[in-house]
Amino acid sequence: MDARRAKLARLREAGVDPFPPHFHRTHTNAQAHADFEPLSSGATPVTVAGRIMLLRTMGKATFAELRDGTDRLQAYLRVNDLGEDAYRLFLDTVDLADTVGVTGTLFVTRTGERTVHATSWQMLSKALRPPPEKWHGLTDQEVRFRRRHLDLISNLDARDVLHKRAAIVREIRRFLDERGFIEVETPVLQAQHGGAAARPFRTHHNALDRDMALRIALELYLKRLLIGGIDRVYELGRVFRNEGISRKHNPEFTMLETYEAYADYEDVMRMVEDLIATVAQRVLGTLEITVRGQTVDLTPPWPRVSLRKAILDASGVDYALHPTLESLDAAVRASGLKVEPQKTRAQLIDQLLSTCVEPHIVNPVFLVDYPVDLSPFAKRKPGEDDVVERFEAFAAGVELGNAFTELNDPDDQYERFLEQARAMAAGDDEAHVVDLDFIEAMQHGMPPAGGLGIGIDRLCAFLLDQPNLREVIAFPTLRAES
RNA sequence: GGGUCGGUAGCUCAAUGGUAGAGCAACGGACUUUUAAUCCGUUGGUUCUGGGUUCGAGCCCCAGCCGACCCA
């Protein structure tokens, strides 16, 4: 770093601003490649720029590989073309990782590399620290995520993942916008967290002297908008859950929720398979993707299988025959399954799902009709007391979405909240909180509706075949640096 | 939460309990179409932290911190 500082001083002595305020390029590197034929044949001067990734000096001539956000382009600097002083200054002051601009004409070297033949160069930003090793890049996982800028400089794959994530989000918006959904933003800071089973992050508003929580879901505010008459509404936003960090969990993550009035969960299923297939086609150009070595075919329609049948087929246990925790637990033990004991029947069913069914799913499938006690916002299936119209979409062992025909009976909703309150009193710290304000809103009449939630980070990890959620998050949550 | 593996030069990695090394980067030199350019030379270390065993510890033991992978 001392050497780089000395070069910085050397530039200033030569009257050069190492961080100049103005610079205008005529082409990005990608544009220079795209228009290479006409530009090179006409010997039209171009001005390009980029970070120096490689330097190859051969005495009186130097090759430099420039990379901007679009592509790489080689520059060729020769003492004959630049003059002694400018060439000398380049050799004396330029290091790997500096950002420079180069003006010249495009040509092809005898080894076939498209190159800009420089007539002048300009320092645009002097790097005071060296880049990671040029061939191996950064491999230390901790450094990769702590200093994501270095990861992105040296690992183009990491950059590509973020580009593709942006494309996925863009196509989701486009899909929903084209169907008349209105995008909204609802409060992140809430007096009362709700809409999911999770522990919140708590904070405090000083001026109001009031404890608040960061939202754990989007659900309850979006439903208020539904009540208000916005028939198709969605939000793509960050939610926060105060839980552990793993390959599949980040404490803050991006959630999509959609609500559509006059729709039910059957309609939502059709939308979800269409949405994910459309996004895959537009971003990846295919409906056949590879996830952890398995080929996954996203072509709709996806099979609908009841949760009860899926668990019965995978485990031999029919939970419908066991209305109590004790009975179901006994059946699970009797069948010799290695399933952790749970506090409630609903949690045990959930556990059966995640250990016996989920890992074996490859192609997408909708598991439908969940037990009511797992789903406090879903409407009961007609004629069935303990089954709700809910589905979860799975593929390649990953949950891709969760949806239901939304409960809109305020009295029923109140009863469900009370049930959750009892669970909380019994020690379930993830149980839902009773939200009387929401009940009051629902008493004004919520239209029948189908609602959907999709974890965007998990969807991206799935579509982009990234085994760790952190790869699709620019700055994943890490422990404090010691 | 449990198990396995790892933390050594700026980066990527070596090193039977016995003088800590290599490649890249950096620095000096040669080289006017190179492709991880090449060639010659030089510099660079609190071996994650704290204890312990030993004549002697990067290596063995204990505790901790950080990370990766697998399992829950």
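Since the model is a prediction, treat every value here as computed from it, not as a measurement. Every chain is numbered on its own, with residues counted from 1 as its sequence reads. Just so you know, chain letters begin at A and ligand numbers begin at 1, following the order they were written in. With the structure being a predicted model, the display of local features is reserved for residues of pLDDT at least 70 and the display and counting of side-chain atom pairs for 80 or more, all residues being used for whole-chain, interface and lining totals. No hydrogens and no water enter the side-chain calculation; it runs on all heavy atoms of the structure.

Overview of the sheet that holds strand β7 (residues 189–190)
- For two strands to count as paired, DSSP must find a minimum of two bridges between them. Working definition: helices are DSSP H or I runs of at least four residues, strands are E runs of at least two. Numbering for both runs from the N terminus. The three strands are arranged β7-β9-β8 in an open sheet whose pairing can be described as antiparallel. Of all strands in the sheet, those bounded by a partner on one side alone are β7 and β8 (202–205).
- Sheet topology note: the β7/strand β9 (residues 210–214) ladder contains two bridges and is antiparallel. Bridging across to β9, glutamine 190 finds its partner in alanine 213.

Here we look at the packing of helix α12 (residues 325–334) against helix α13 (residues 345–357)
- Here the axes come from fitting lines to C-alpha atoms, over the contacting stretch only for helices, and the angles between their N-to-C directions go from 0 to 180 degrees. Running from N to C, α12 and α13 cross one another at 25 degrees; their axes reach a closest spacing of 9 Å. For the element pair α12 / α13, the angle class is roughly parallel. Of the two elements, α12 crosses α13, and the hand of that crossing is left-handed. Side by side, α12 and α13 meet where Leu325, Leu328, Asp329 and Val332 of the first sit next to Arg345, Leu348, Ile349 and Leu352 of the second. Angles are sorted into four bins: roughly parallel if under 35 degrees, roughly antiparallel if over 145, roughly perpendicular if 65 to 115, and oblique for all others. Helix crossings are classified by the rotation of the near helix relative to the far one: an anticlockwise turn of less than a right angle makes the crossing left-handed, while a clockwise turn makes it right-handed. Note on contacts: a residue pair is in contact if any heavy atoms of the two residues lie within 4.5 Å.

Some points on the sheet that holds strand β2 (residues 61–67)
- An order of β1-β2-β3-β5-β4 is seen for the five strands of this closed barrel, with the pairing classed as mixed. Strand-to-strand twist across the sheet, computed as the mean angle between neighbouring axes with direction ignored, equals 55 degrees.
- With ten bridges connecting them, strand β4 (residues 99–108) and strand β5 (residues 114–125) associate as antiparallel partners. Within β5, the position partnered with threonine 105 by the bridge is histidine 117.
- Contacting β1 (46–58), β2, β3 (72–78) and β5, helix α5 (residues 84–93) crosses the sheet at an angle of about 65 degrees to β5.

Examining the side chain of aspartate 318
- When you line up the elements, aspartate 318 lands in the loop between α11 (307–315) and α12.
- Of the residues examined, aspartate 318 reaches a relative accessible area of 10% and is grouped as buried.
- Among the polar contacts made by the side chain of aspartate 318, one reaches the main-chain amide nitrogen of alanine 320 at a distance of 3.0 Å.
- Excluding residues within four positions of it along the chain, aspartate 318 makes contact with Arg308 and Leu312. Working definition: with a 1.4 Å probe on protein chains only, accessible area under 20% of the residue-type maximum means buried, over 50% means exposed, and in between means partly exposed. In protein, a polar contact means a hydrogen-donor-capable atom and an acceptor-capable atom, both N or O and within 3.5 Å, with residues adjacent in sequence counting only if both atoms are side-chain atoms; elsewhere, any N or O pair within 3.5 Å suffices.

Looking at the packing of aromatic side chains
- In this scheme Phe, Tyr and Trp rings, the latter by its six-membered ring, pair at centre separations within 6.5 Å, and the angle between planes marks the pair as stacked below 30 degrees, edge-to-face above 60, and tilted otherwise. Applying the stated criterion across every chain yields a total of seven aromatic pairs.
- Taking the centre distance of 5.0 Å and the plane angle of 75 degrees together, the rings of phenylalanine 366 and phenylalanine 391 count as edge-to-face. Taken as a pair, phenylalanine 366 in strand β15 (residues 365–371) and phenylalanine 391 in strand β16 (residues 387–395) lie far apart in primary sequence, 25 residues in all.
- The exposure class assigned to phenylalanine 391 is buried, which follows from its relative accessible area of 0%.
- Clustering of aromatic rings is evident, with ring pairs tying together Phe63, Tyr76 and Phe107.
- The criterion for a charge sitting over a ring is simple: Lys NZ or Arg CZ within 6 Å of the ring centre, and within 35 degrees of the ring normal. Sitting over the face of the ring of phenylalanine 175, arginine 179 holds its NZ or CZ atom 3.5 Å from the ring centroid.
- Directly above the ring of tyrosine 221 sits arginine 224, whose terminal nitrogen or CZ lies 4.8 Å from the centroid.

Let's talk about unusual backbone geometry
- The omega torsion of the bond from proline 300 to proline 301 falls at -5 degrees, within 30 degrees of zero and hence cis.
- The backbone of alanine 97 sits at a positive phi, close to 85 degrees, despite the residue not being glycine.
- Relative to the assigned elements, alanine 97 resides in the loop between α5 and β4.
- Classification of alanine 97 by relative accessible area gives buried; the value is 6%.
- Positive phi, close to 50 degrees, is recorded for arginine 292, a residue that is not glycine.
- On the secondary structure map, arginine 292 appears in the loop between β12 (288–291) and β13 (294–297).
- Of the residues examined, arginine 292 reaches a relative accessible area of 51% and is grouped as exposed.

Here we look at the confidence of the model for chain A
- pLDDT: the predictor's confidence for each residue, scored from 0 to 100. Predicted confidence across chain A gives a mean pLDDT of 92, with 99% of residues reaching 70 or more.
- Here the predicted complex scores 0.92 on pTM and 0.86 on ipTM.

Overview of α11
- Among the residues of α11, Leu307, Ala310, Ile311 and Ser315 are the ones counted as buried. An end-on view of α11 places all buried positions within 100 degrees of arc, on one side of the element.
- Where α11 ends, the next residue or the one after it, glycine 316, has phi of about 80 degrees, a positive value. The directions considered for the arc are those from the helix axis to the C-beta atoms.

Quick word on the protein's contact with RNA strand B
- Taken together, 38 residues lie near RNA strand B, and Lys7, Asn80, Arg110, Thr111 and Arg470 sit nearest.
- Whether a residue is near a molecule or strand depends on its heavy atoms: it is near if one of them lies within 4 Å of it. What you see for RNA strand B is that sugar and phosphate hold 56% of its atoms within 4 Å of the protein.
- Separating a base oxygen of RNA strand B from a side-chain N or O atom of asparagine 80 is a distance of 2.4 Å.
- Take threonine 109: an N or O atom from its side chain is 2.8 Å from a base oxygen of RNA strand B.
- Within the residue set of the surface near RNA strand B, elements represented by two or more residues are β1, β2, β3, α4 (79–82) and α6 (141–146).
- The greatest single-element share of the surface near RNA strand B, amounting to four residues, is contributed by β1.
- Three classes are used, and their members are as follows: Ala, Val, Leu, Ile, Met, Phe, Trp, Tyr, Cys and Pro are nonpolar, Asp, Glu, Lys and Arg are charged, and the others, Gly among them, are polar. Taken together, the residues that form the surface near RNA strand B break down as ten nonpolar, twelve polar and 16 charged.

Remarks on the environment of leucine 106
- Assignment of secondary structure puts leucine 106 in strand β4.
- Classification of leucine 106 by relative accessible area gives buried; the value is 4%.
- With residues near it in sequence (within four places) discarded, leucine 106 still touches Ala32, Phe36, Leu39, Ser40, Val46, Leu73, Thr115 and Val116.

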